[in-house]
Amino acid sequence: MRDTARHPVLELHELRRTFHQGDREIPVLNGASVSLWPGQAVALVGPSGAGKSTLLHIAGLLETPDSGKVLVNGTDCAQMSDAERTRVRRLEMGFVYQFHQLLPEFSALENVAMPQMIRGVSRKAAEARGRELLTMLGLGARLDHRPAQLSGGEQQRTAIARALANEPRLILADEPTGNLDPRTSAGVFHELIDLITRTGVAALIAT
């Protein structure tokens, strides 16, 4: 990756994507472009079916556009192999989904520590990082609770901490508060934006 001080974390240039249903063409993206810098959050706002998830999947290197470019830290990802794209996702990106997808048999702290340990971080360091993030999100007293013992908002805060655990430069969030009641949703969203600002990551959020 290139010097991130000289490039946006994420650049999407003129993305186009059309789906086909039989003889019918359904254009979903028609020249979508955006640039995200460290500490910046951009919201994708639109009704269901507008193409928000498609754009996130392309930004996350999970789908390939029909045309256009995806640059991560100044590097064009179009010609990367599957292994290289997987490496960029693992090292540069964190994902937050509408449903938290926490591992039910592990505590909140273990859920946040695990991605770090898979990457090769020691258990002690991974748990220290997990404890720091969960405390920042108001879960310092819930570290040893399993997902079933946490409220919906607490589960989603844990998922946010997990997404940030490996210190990614980019967070991609697909309706991260869509499964919560309005009051809890507002609180979680506020904390997500605050954490993005404090950690300096860039974020693309569908809502």
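Our structure's up above, just so we're on the same page.
The rules behind these values
Residue numbering note: each chain is counted from 1, following its sequence as written. The model is predicted, so local features are restricted to residues of pLDDT at least 70 and side-chain atom pairs to those at 80 or more, both for listing and for counting; the totals for chains, interfaces and linings are taken over all residues. Water and hydrogen atoms were dropped before computing side-chain values, which therefore reflect all heavy atoms in the structure. Only Phe, Tyr and Trp rings take part, Trp by its six-membered ring, and two of them pair if their centres are within 6.5 Å. Stacked means planes under 30 degrees apart, edge-to-face means over 60, and tilted covers everything else. Buried residues are those whose accessible area, probed at 1.4 Å on protein chains only, stays under 20% of the maximum for their type, while exposed residues exceed 50% and partly exposed ones sit between those limits. Salt bridge criterion: a side-chain nitrogen from Lys or Arg within 4 Å of a carboxyl oxygen from Asp or Glu. Only DSSP runs of H or I reaching four residues or more are called helices, and only runs of E reaching two or more are called strands; each is numbered from the N terminus.

Some points on the packing of aromatic side chains
Okay, so step 1: Going through the model one piece at a time under the given rule, you end up with one aromatic pair.
Okay, so step 2: Relative to Tyr97, the ring of Phe95 has its centre 6.3 Å away and its plane inclined at 10°; by these criteria the two rings are stacked.
Okay, so step 3: You can call Tyr97 partly exposed: its relative accessible area is 34%.

Looking at the pattern of salt bridges
Okay, so step 1: For the structure on display, the rule yields nine salt bridges.
Okay, so step 2: Among the ionic pairs, Glu63 bridges to Arg17, the shortest N-O distance being 3.8 Å. Here Glu63, found in the loop between helix H1 (52–59) and strand E4 (67–72), pairs with Arg17, found in strand E1 (residues 10–21); they are 46 residues apart in sequence, far enough to count as distant.
Okay, so step 3: A residue is classified by how much of its surface remains accessible, and Glu63, at 22% relative accessible area, is partly exposed.
Okay, so step 4: Taking the shortest distance from any N to any O, the salt bridge between Arg123 and Glu127 comes out at 3.1 Å. Of this pair, Arg123 and Glu127 both sit in helix H4 (residues 123–136), separated by four residues, roughly a single helical turn.
Okay, so step 5: Of the residues examined, Arg123 reaches a relative accessible area of 45% and is grouped as partly exposed.

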